[in-house]
Amino acid sequence: MFKKMIVKEWKEKSGLFLFALAVLGLFFIAFSAYTQDKDALDLLASTLLLVFPPVFSLLLGASGFSSEFQDGAWAFLFSRPVKKWRVWLAKYLSLLTVLIAVIFLFVLLTQLHPALKPAPDTFNFPLLDKNVSYGILAFVLPLVLFTTAFSLSILSEKTYVVAFLAAVVWIFLQVTVTLATMSLYDRGIFSSAFSLISILSLLFPVSLALASLITVNRADFSQPKRRAWVFTKSAVVFILASVGLVALFELGTSKFQRERYVYNLEVRNDAFYFATERGFFRFDLAGRQTEQIARHPSVWGQMSLGGDKLAFVSYHFTGKWRGFAGLRIMNSDGKEERSLVGTENQDSPLYGGFIYPVCVSPRGDKVAFIARYVPKTTVEELWVINSDGSGLKGYDLGIRDADYYLFISFGESNRVLFLVCTAKIKPGSKDRRAGARLLRVNLESGHVDVLADQIRKPYVASMPPEDMASGAGRIAYIQYDEATSRDVLTVLDLGTLEKQTVYPEDSVTAFRWNKSGDKLAFLTASSRLGVFSFAEGGIIQMKEITGYDIRWPSEALEWTSDGRLILRKLEGEVSSICLLDANLTEQKAIRLPFSSYFASRIWSAGQYAIVEDTERHQLWGVNLETEQWLRIY
Amino acid sequence: MSELLKTIGLSKSFGRHLVFSDLNIKLTAGKVYGLLGLNGEGKTTLIRILLGVIPADSGEIHYKDSALSFRSAAYKEEVGYIPEDPFFFGGMRVGELLDFNAAFYRRWDGRRAEDLLKRFSLHRKARIKTLSRGMKLRLEMAVALAARPALLVLDDPTSGLDVPTRHDFLQDIIRELADSGTTVLFSTHLVHELERIVDHLFILHRGRLILDEEHEAVKRSTRRVRLAFQGDPPQTLGMDGVLVETRDGPRMEIVVYPWSDDKKKKIEEFSPTRLDVDPLTLEEIFRSFVAG
């Protein structure tokens, strides 16, 4: 039946198909005639991409059942011994083959003609601060419009009326859902407006198609008003159900996952701290207890430890997405929590801004933070405040293409601050080398030095902050070297500002300081593990490693407190963490209490190693001596 | 004879307009049923409901003792349908229309389809839109019969056809089908066409089934009575079943259903100077029934 229906529809739609071919042919001729005129080509390409697929899809879809009404064939079709929904489906699929054929020819044309060949890579249509790609315009939009028009074709025998109605309905639904979603997004109720709009954009035609199917299956087709009523009623129900389900799913999963997701983890010798959206937690290594030390909702778990202080950013919604952030501080045991500065005060230079990230000085006496998106004309982005709430001071870093900042540490007894600034990559830019810059800010003069650039992920790591406070610390980073096209591991001496390349022979993919800050372990692109010692002035170990899980290198490596290295292993579905001795020989493998394809970072504190089950959002700790696992969160 | 299809309390309205209500009909195998009614009385609506094309508002339909729903499809394997204007799919060729329909029916008889094409002088490669109205009707007939239906439903298909075609169509095909055991439900407003072929009559009028009777019985029981009196005719003859009554001075004419000898005796009690009792044609019977 489907095969015969396809033949029938192809015969009936041959006129429309030939019309599409003629239009494509005309465009082809036009492109050939204006090969030298870039403006004309752009106009033609835009017209072809933005007009042809939607209009053809609308006309084709609208002709679906409309043509059957024109000659009364609907009654004949429905009197055949086959379920009505199968007739609907057969017609839909039959016309879909016509659409696919035309879209195929359309894509062929864009690929055959030199003027249009770059279109799939370059053609983007701006919408909602995103770029709607060629793929969406050439494939998704035609399918959506075709389905919408086909669903509505049961309402009228006039193809052009149906096509127009389908366009109006689609625009209305699209605009309504976009405005509503953006409004809810602005109020902070939804976290992902664009993806929601995208999902609903696909669910709407599905809703209309289901309503059309219901109408075919239940309604009296001889009564246009009755038919329209059943369709409208069903469509409203399905559309509301789609919106409701998506909203519930979004609200449920995002809130649930955000609450559970472990955003940040800071390690101390006696405890480690982590944040979820529910607040901040402290796991006491001696007592083996997890305690919630702050219940304020966090912003991506933003926190920093320094001395005996922990600073964090909380957020409270006031009905607007740009609600109010608060920088708070407390003792590292969770006591004496208080507010340092907030963005809700209209007289504050931070009013309405967004605080991210934050950094506490090694002694815990100062807190630095970045405040951005301040609606006022404030140019300062970096702010420093004393941990008693006094001495707020802003600094203009003068970097206008900054994407985001990462703090490294205070240095020279709080006289300077080191941070990394990543640059915005322009939309469509192929320049993946656009790396980050290492900045040194003089907190007395406000002078900003760029100490290094072209820094690659994982961007940067410093010696333990306590050791850097004196000003004789070191910062290590991976820098792209244009001469060798390698990512080289470089160490910057903050006292002399001399740079030392640790291992120039190969690209380095990850590195980690040991706890005392005198050794660097690193992984290379050719799966070698090395250890550089500052005391001995060179590489003291280098070994090829096989069988270890270094798919995400920056997550793969950690030092224990007693100077051993930890790597992950994945054998089948069994994951383990492995301890390597000073000779990089595996001492033991401790199997994880969960199976996970995705590696998580490994942290170590005291005798514990901590891993996150990234699929179930759980934290597990293991005593490296007893090999006993403990679920921490 | 076994019961093929029946309806119980079938009702249908279009908005506030009641098409029919509480309709009960029965079709038995091998008979030709005439469904009569003026234009707009709901014949097409009833047929579409029986074929599951549109839903009834209430009531039941049973096919071979199985209750049907609007979504039932399997019974349509055994039901052939020739719609009022079977002139769609004009872009197809004759053979393509047959092949298209063959895809819907498990009991499609390809050889019979070819035989019917030959019998109706149709060529597989002929384009449907080039066929005459009569040939298109023959093509639809071939489509309907190739599926070997147990019930063939014709929705006023002969209107607009020339007389020889209508005659051939009715004489040659319908009677032959009924003789071979196929039940035929023939809806028409050209009543005289049914005169020689119909076994049973249904008349739909003003939303009700006002006649459900064997054709022969209706013909036997319906009489035109012409009367003349010396003075004015009596105000009333005091009998039921008078379908039509006309007066012209001392003359009077009535159509009575059902006619009986008792009614004749009752009329004779009024001492008419003239009393002629004549049978009616089917068309006259139909006009009498719907005249009121």
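Keep in mind that what you see is a predicted model, and the values were worked out from it rather than measured. (Residues numbered from 1 in each chain as written. Chains lettered and ligands numbered in written order. Predicted model: local features only at pLDDT ≥ 70, side-chain atom pairs only at ≥ 80, totals over all residues.)

Okay, the overall build of chain B next. Tallying secondary structure elements over chain B gives 8 helices and 15 strands in all. Sorting the 292 residues of chain B into buried and exposed places 41% on the buried side. Contacts spanning at least 24 positions in sequence make up 73% of the contacts within chain B whose residues lie at least 6 apart. (Helix = DSSP H or I, 4+ residues; strand = E, 2+ residues; numbered from the N terminus. Buried ≥ 20, exposed ≤ 12 C-beta atoms within 10 Å, placed from the backbone. Contact = placed C-beta atoms within 7 Å.)

Right, let's talk about the overall build of chain A for a bit. Counting its secondary structure elements, chain A contains 12 helices and 33 strands. Out of the 633 residues in chain A, the part that is buried amounts to 40%. When contacts within chain A are restricted to residue pairs at least 6 apart in sequence, those whose partners lie at least 24 apart make up 47%.

In this fold, Asp99(B) is placed in helix α2 (residues 94-102). Linking Asp99(B) and Val143(B), residues 44 residues apart in sequence, is a C-alpha distance of 9.4 Å.

Turning our eyes to something else, we now look at the interface of chain A and chain B. How big an interface is tends to be stated in terms of the accessible area lost upon association of its parts. Chain A puts 21 residues into the contact, and the matching count from chain B is 23 residues. At the level of elements, α1 (2-12) and α4 (73-78) of chain A are the ones that each hand at least two residues to the side of chain A that touches chain B. Taken together, the residues of the side of chain A that touches chain B sort by class into 8 nonpolar, 5 polar and 8 charged. (Nonpolar A, V, L, I, M, F, W, Y, C, P; charged D, E, K, R; others polar.)

Residues and elements named next belong to chain A. Pairing is antiparallel across the open sheet formed by 4 strands, whose spatial order is β3-β4-β5-β6. Both edges of this open sheet fall to β3 (264-267) and β6 (289-294), since each of them pairs with a single strand only. Taking the axes of each pair of neighbouring strands and ignoring which way they run, one obtains an average angle of 25° across the sheet. In this sheet, β6 lies alongside strand β5 (residues 279-284) in antiparallel orientation, the contact comprising 5 bridges. Bridging across to β6, Phe 283 finds its partner in Thr 290. (Pairing = 2+ DSSP bridges. Axes fitted to C-alpha atoms, helices over the stretch in contact; angles between N-to-C directions.)

As a further point, take the sheet that holds strand β27 (residues 565-571) of chain A. Residues and elements named next belong to chain A. Strand order in this open sheet of 4 strands is β26-β27-β28-β29, and the pairing throughout is antiparallel. Each edge of the open sheet is held by one strand with a lone partner, namely β26 (558-559) and β29 (586-591). In this structure, strand β28 (residues 574-580) lies alongside β29, joined through 5 bridges in antiparallel fashion. Residue pairing across strands places Ser 576 opposite Arg 591, the latter belonging to β29.

Now for helix α4 (residues 133-146) of chain B. All names here are of chain B. Taking 1.5 Å per residue as the helical rise, α4 with its 14 residues ought to reach 20 Å, and the 20 Å between its terminal C-alpha atoms agrees with that figure. Among the 14 residues in α4, 11 count as buried, and that is most of the element. Among all positions of α4, only Lys 136, Leu 137, Arg 138, Leu 139, Glu 140, Met 141, Ala 142, Val 143, Ala 144, Leu 145 and Ala 146 are buried. Remark: Arg 148 follows α4 within two positions and exhibits a positive phi of approximately 45°. (Expected span 1.5 Å × (residues − 1).)

Glancing now at the nonpolar core. One finds Ala149(A), Ala142(B), Val153(B), Phe186(B) and Phe202(B) to be the most contacted residues of the largest nonpolar core, which totals 133 residues. Sort the elements by how many residues they give to this core and helix α3 (residues 38-70) of chain A lands first, with 11 residues. A domain split of this core shows at least three residues from each of domain 1 (3-213) and domain 2 (222-291) of chain B. In this structure Phe202(B) touches Ile25(B), Tyr33(B), Gly34(B), Leu35(B), Leu36(B), Leu209(B), Leu211(B) and Asp212(B), once residues within four positions along its chain are discounted. Counting 96 residues, the second-largest nonpolar core is a separate cluster that includes Leu340(A), Val441(A), Leu492(A) and Tyr608(A). (Core = buried A, V, L, I, M, F, W, Y, C linked by C-beta atoms within 7 Å. Domains from an automatic or database assignment.)

Once that is clear, we can look at the environment of Arg363(A). When you line up the elements, Arg363(A) lands in the loop between β11 (354-360) and β12 (366-372). Sequence separation between Arg363(A) and Asn414(A) is 51 residues, and the spatial gap between their C-alpha atoms is 9.0 Å.

Residue and element names in this part refer to chain A. For strand β23 (residues 519-524), a buried count of 6 out of 6 residues is recorded, marking the element as mostly surrounded by other parts of the structure. Residues of β23 alternate between two faces, with Lys 519, Ala 521 and Leu 523 on one and Leu 520, Phe 522 and Thr 524 on the opposite face, all of them buried. In terms of strand pairing, strand β22 (residues 508-513) meets β23 through 5 bridges, oriented antiparallel. The residue bridging Val 508 from the neighbouring strand is Thr 524, located in β23. Between the antiparallel neighbours β22 and β23 lie 5 residues, among them Gly 517 with a positive phi of about 80°. Taken together, the 5 bridges between β23 and strand β24 (residues 528-533) define a ladder with antiparallel strand orientation. Its bridge partner lying in β24, Leu 520 is registered against Phe 532. The antiparallel hairpin formed by β23 and β24 contains 3 residues in its connecting segment, where Ser 527 sits at a positive phi of about 60°.

For the rest of this paragraph, the subject is the pairing of strand β10 (residues 200-205) of chain B. Residues and elements named next belong to chain B. Counting buried residues in β10 gives 5 out of 6 residues, a clear majority hidden from the surface. Both strand β4 (residues 32-36) and β10 contribute to a ladder of 4 bridges, which runs parallel. Of the residues in β10, the one forming a bridge with Leu 35 is Phe 202. Strand direction decides the pairing type here: β10 and strand β11 (residues 208-214), joined by 6 bridges, are antiparallel. Within the sheet, the bridge partner assigned to Phe 202 lies in β11 and is Asp 212. Where β10 folds back onto β11 in an antiparallel hairpin, the turn is made up of 2 residues, including Arg 206, whose phi is positive at roughly 50°.

On to α2(B). Three or more residues of α2(B) are buried, namely Val94(B), Leu97(B), Leu98(B) and Asn101(B). Down the axis of α2(B), the buried set is contained in an arc of 100°. They therefore lie on one face. (Arc of directions from axis to C-beta.)

The next point concerns unusual backbone geometry. Between Tyr356(A) and Pro357(A) the backbone carries a cis peptide bond, its omega angle lying at -5°. The linkage connecting Tyr257(B) with the following residue, Pro258(B), adopts the cis geometry, with an omega of -5°. Relative to the helices and strands, Pro258(B) resides in the loop between β14 (251-256) and α7 (261-268). Backbone geometry at Lys64(B) places phi at a positive 50°, although glycine is not the residue there. Note that Lys64(B) resides in the loop between β5 (58-63) and β6 (66-68). Classification of Lys64(B) as partly exposed rests on a count of 15 C-beta atoms within 10 Å. Look at Ser121(B): it is not a glycine, yet its phi comes out positive at around 55°.

Next up on the list: the packing of α3(A) against helix α5 (residues 84-112) of chain A. Helix packing geometry: the angle between the two helix axes and the distance between the axes. All names here are of chain A. At a closest axis distance of 10 Å, the pairing of α3 and α5 adopts a crossing angle of 160°. Judged by the angle between their axes, α3 and α5 are roughly antiparallel. Of the two elements, α3 crosses α5, and the hand of that crossing is right-handed. Two secondary-structure elements touch here, α3 through Phe 52, Pro 53, Phe 56, Ser 57, Leu 60, Gly 61 and Gly 64 and α5 through Lys 91, Leu 95, Val 98, Leu 99, Val 102, Ile 103 and Phe 106. Its residues assigned to classes, the contact of α3 with α5 shows 10 nonpolar, 3 polar and 1 charged. (Parallel < 35°, antiparallel > 145°, perpendicular 65-115°, else oblique. Left-handed = near helix turned anticlockwise from the far one by under 90°.)

With 97% of its residues at a pLDDT of 70 or more, chain B has an overall mean of 87. Interface scoring of the predicted complex returns ipTM 0.86; its pTM is 0.64. (pLDDT = per-residue confidence, 0-100.)

This brings us to the confidence of the model for chain A. Per-residue pLDDT for chain A averages 83, and the proportion of residues at 70 or more is 88%. Mean pLDDT across the elements of chain A ranges from a minimum in strand β1 (residues 124-127) of chain A, with 53, to a maximum in β24(A), with 93.

A few words on the packing of α2(B) against α4(B). All names here are of chain B. At their nearest, the axes of α2 and α4 sit 10 Å apart, and the two run at 30° to each other. One way to sum up the angle between α2 and α4 is to call them roughly parallel. As α2 runs across α4, the sense of the crossing is right-handed. Mapping the contact onto sequence places Val 94, Leu 97, Leu 98 and Asn 101 in α2 and Leu 139, Val 143 and Ala 146 in α4. Taken together, the residues of the contact of α2 with α4 break down into 6 nonpolar, 1 polar and no charged.

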